[in-house]
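Spelled out, the chains give:
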Amino acid sequence: MPASDLDADLDHEREHLTSSRTALKRMREGAEALYAVGGDVAGDGYGAESLGRALSRRIAELADDPTTPLFFGRLRFGDEGDYHIGRRHVTDERGEPMVLDWRAPISQSFYRASAGDPQGVAVRRRFGFSAGTLTSFEDEHLDRGEELGTASRILTNEIERPRVGPMRDIVATIQPDQDELVRADIEETICVQGAPGTGKTAVGLHRAAYLLYLHRERLRRSKVLIVGPNRAFLRYIAAVLPALGEIDVAQSTVEDLLTTAVRGSDSAEGQVVKHDPRMAEVLRRALGRYVRRPEEPIAVSDGAYRWRLPETVLRRLVDDVRREDPPHAIGRERVRARVVALLQRQAEARSGESPPESWVRRMGRSAAVVSFLDACWPAVTPEALVFDVLSDPTDAAEGILSEPEQAAIRWAKPARSPRATRWSAADAVLIDEAAGLIDRLPSFGHVVIDEAQDLSPMQCRAIARRSEHASLTLLGDLAQGTAPWAARNWADSLEHLGKPGAAVVPLTIGFRVPQAVVALANRLLPALGVDVAAATSLRGDGWLRVQEVSDVDAGTVDAVRAALEQDGSVGVIAADSAVDRLAAALRAAGLDSGGAEDESRITVLPATLAKGLEYDHVIAVEPAEIAAAEARGLNRLYVVLTRAVSRLAVIHSRPLPSPL
Ligand SMILES: Nc1ncnc2c1ncn2[C@@H]1O[C@H](COP(=O)(O)OP(=O)(O)OP(=O)(O)O)[C@@H](O)[C@H]1O
């Protein structure tokens, strides 16, 4: 295309951007005007409130961020169809589309069409932006067999753009294999085994946004839940969904999903036993022992007559309900209802007519019926059940846990009561399991689980209880498993999550870590004891420097100074025990650093909090110390080495761990 045509074309696209922004503004003003008169049109108070909520959500969804492009692509179909693709629908005054939402069915071709399979697309155009200004575009004439793929300069620029602040969306550059995961059917549970930086987190968040778009009503009621490894990580990803117009998503760590306040801790052995799936069996058996065979008849008076139910009848009744195996609290109500039904039948036989509803209620609450229930099917709280088991596991764990395992979870000195107990984090998981045995929990509509390799079987079960009627998006990397119970294969995790047999899909093309850094990290893989495909990298830029120094603190200070000469974020990652010392050394050198949650350009981060995060420039301090700090220290080191977007400096005084 001649340069003057190019300029004219670019001008044309800029005009479309300006008029789309104006149209979006008009849409938002329309929603605001509706909001202002909402009370008048809705009729009743409840209607006004829910209409108000819907409208204020709509206004928030229509917010325009001038620094993010409203559209990033354009599809010209052979049959004359011509669409700009962007973050949300924008329509003109007649309701004609000016920008098509990236999640709309037509937009799929933007991500998937290729020269081999053009899907009717003649030209795909990608736009380059700088701070919200449209600066360039790139055309692929798919109808003429032209295709850039990952050689696209706009894609490369986007991937190599320095990272500052929280995670960004990737709508403009989702890759075909990622797109297949993003647009997977809502009924489908998928498990993504992805090497570091392959976009697992990004895929999970975009799938959430996609499902919310396609199944808005259903998911607004049942909600989408995102589970992440820690709060710092959740803060890091928190901005992505709102940037995609989705503000109605719950985000939580597994710990925060549980209701028990944690004030105690466990021995390492105790913790491992408590997270073992056999604990579910132990608790189930312990709860089963609360149910007893009736030994006495029920005799109950309604003021006029005295009714009797013999113990043989009661035994059969309790046995029946036990066989039906309902959650414990529901079982108790079922027994109550059937006892009252028998009494009611006697009353009907006697008088020939049905006793009134109030009679039925009164009999159900009568002292005789309640004390029968308390003896044979007592109400139990989850805390009381776990309290019993941990005070003395002998009975419930016999034949399930070995003697040493029982000893590892038995309290040396139980508190006076469940209330007075200082529960540990692992106890909170057990209490949740107990709660699930006792009653049903409401299910989310879809659950995305990030860093899923670190969930224990019992934590998986806690999520399974909240996703009984939901599909899951499981994201993880077995090589990055650092918890003592981290998964060694996905089949087990999927089983505990209640979705056995779901597809496991690998992602291996890395968008974060430069090739030289990937090559270093990959040397650790054979020592990690898991069978995963090694990562490759799309990034030929960036560098790796391994530097032996005599004084690690001074070496780190020098490395930070050097790092500050370039753009972007700087992450100093070290063994947890070294973090305070290094932060002090940086302060003494006049270099201001922040913790994981600060906005400062330099972050000093303990290795145990690095998972899922990334920095343009990473300074990994004393790998031997990181590797020695915990049982899966080499896995931790693998995580640390793969956080770099552009540059990795390894500073060490001790010899590097042998695989390196
Ligand atoms: N298609 C893409 N286009 C542009 N950038 C991408 C794409 N996919 C991923 N990225 C970027 O690559 C980086 C890594 O992505 P993400 O954090 O989702 O990877 P991950 O697989 O979860 O990594 P890890 O397992 O190491 O935590 C992010 O900065 C993300 O924005």
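Residues numbered from 1 in each chain as written. Predicted model: local features only at pLDDT ≥ 70, side-chain atom pairs only at ≥ 80, totals over all residues.

### A look at the UniProt feature "binding site: ATP" (unreviewed entry) in the chain
Listed under "binding site: ATP" (unreviewed entry) in the UniProt record, and renumbered for this structure, are Gly194, Ala195, Pro196, Gly197, Thr198, Gly199, Lys200 and Thr201. Structurally, glycine 199 can be placed in the loop between strand E7 (190–194) and helix H6 (200–214). Assessed through the 25 C-beta atoms surrounding it within 10 Å, glycine 199 is described here as buried. Among all residues touching glycine 199, those that are not within four sequence positions of it are Ile170, Gln178, Leu507 and Phe511. Mapped onto the fold, lysine 200 is located in helix H6. Excluding its chain neighbours within four sequence positions, the residues that come into contact with lysine 200 are Val192, Gly194, Leu475 and Leu507. (UniProt positions renumbered as here; feature names shortened; annotations may be inferred. Helix = DSSP H or I, 4+ residues; strand = E, 2+ residues; numbered from the N terminus. Buried ≥ 20, exposed ≤ 12 C-beta atoms within 10 Å, placed from the backbone. Contact = placed C-beta atoms within 7 Å.)

### Regarding helix H16 (residues 367–376)
Quick reminder: α-helices carry 3.6 residues per turn. Residues three or four places apart thus point the same way. Where H16 is concerned, the buried positions are Val369, Phe372 and Cys376. In an axial view of H16, the angular spread of the buried residues amounts to 60°, which keeps them on one side of the axis. Residues Ala367, Val370, Ser371, Asp374 and Ala375 are exposed on H16 and point more than 90 degrees away from its buried face. At its buried positions, H16 is contacted by strand E10 (298–301), helix H13 (311–324), helix H14 (328–351) and helix H15 (357–365). (Arc of directions from axis to C-beta.)

### A few points about the packing of H13 against H14
Where H13 meets H14, the axes come as close as 10 Å, and the angle between the chain directions of the two elements is 145°. Crossing handedness for the pair H13 and H14: right-handed. Across from Val313, Leu317, Val318 and Val321 in H13, the residues of H14 making contact are Gly331, Arg334, Val335, Arg338, Val339 and Leu342. Class assignment for the residues of the contact of H13 with H14 results in seven nonpolar, one polar and two charged. (Axes fitted to C-alpha atoms, helices over the stretch in contact; angles between N-to-C directions. Left-handed = near helix turned anticlockwise from the far one by under 90°. Nonpolar A, V, L, I, M, F, W, Y, C, P; charged D, E, K, R; others polar.)

### Here's the deal with the site of the ligand
Taken together, 23 residues sit near the ligand, with Pro196, Gly199, Lys200, Thr201 and Phe511 positioned nearest. Contributions of two or more residues to the shell around the ligand are made by helix H4 (153–160) and H6. Of the residues forming the shell around the ligand, the biggest block, three residues, is contributed by H6. (Near = placed C-beta within 6 Å.)

### Some remarks on the environment of tryptophan 377
Relative to the elements of secondary structure, tryptophan 377 occurs in the loop between H16 and helix H17 (382–391). For tryptophan 377, a count of 23 C-beta atoms within 10 Å gives the class buried. Linking tryptophan 377 and phenylalanine 72, residues 305 residues apart in sequence, is a C-alpha distance of 63 Å. In this view, tryptophan 377 contacts Val291, Val318, Gly331, Arg332 and Val335; residues no more than four positions away in its chain are not counted.

### Overview of the sheet that holds strand E9 (residues 249–253)
The strand order across the open sheet formed by six strands is E9-E8-E12-E13-E7-E14, and the pairing between neighbours is parallel. On the outer flanks of this sheet lie E9 and strand E14 (503–507), each paired with one strand and no other. Averaged over all neighbouring strand pairs, the angle between strand axes comes to 15°, with direction disregarded. Relative to strand E12 (residues 446–449), strand E8 (residues 224–228) is paired through four bridges, and the arrangement is parallel. When the sheet's bridge partners are listed, isoleucine 226 is paired in E12 with valine 448. Together, E7, E8, E9, E12, strand E13 (471–476) and E14 form the strand contacts of H6, whose direction differs from that of E13 by roughly 160°. (Pairing = 2+ DSSP bridges.)

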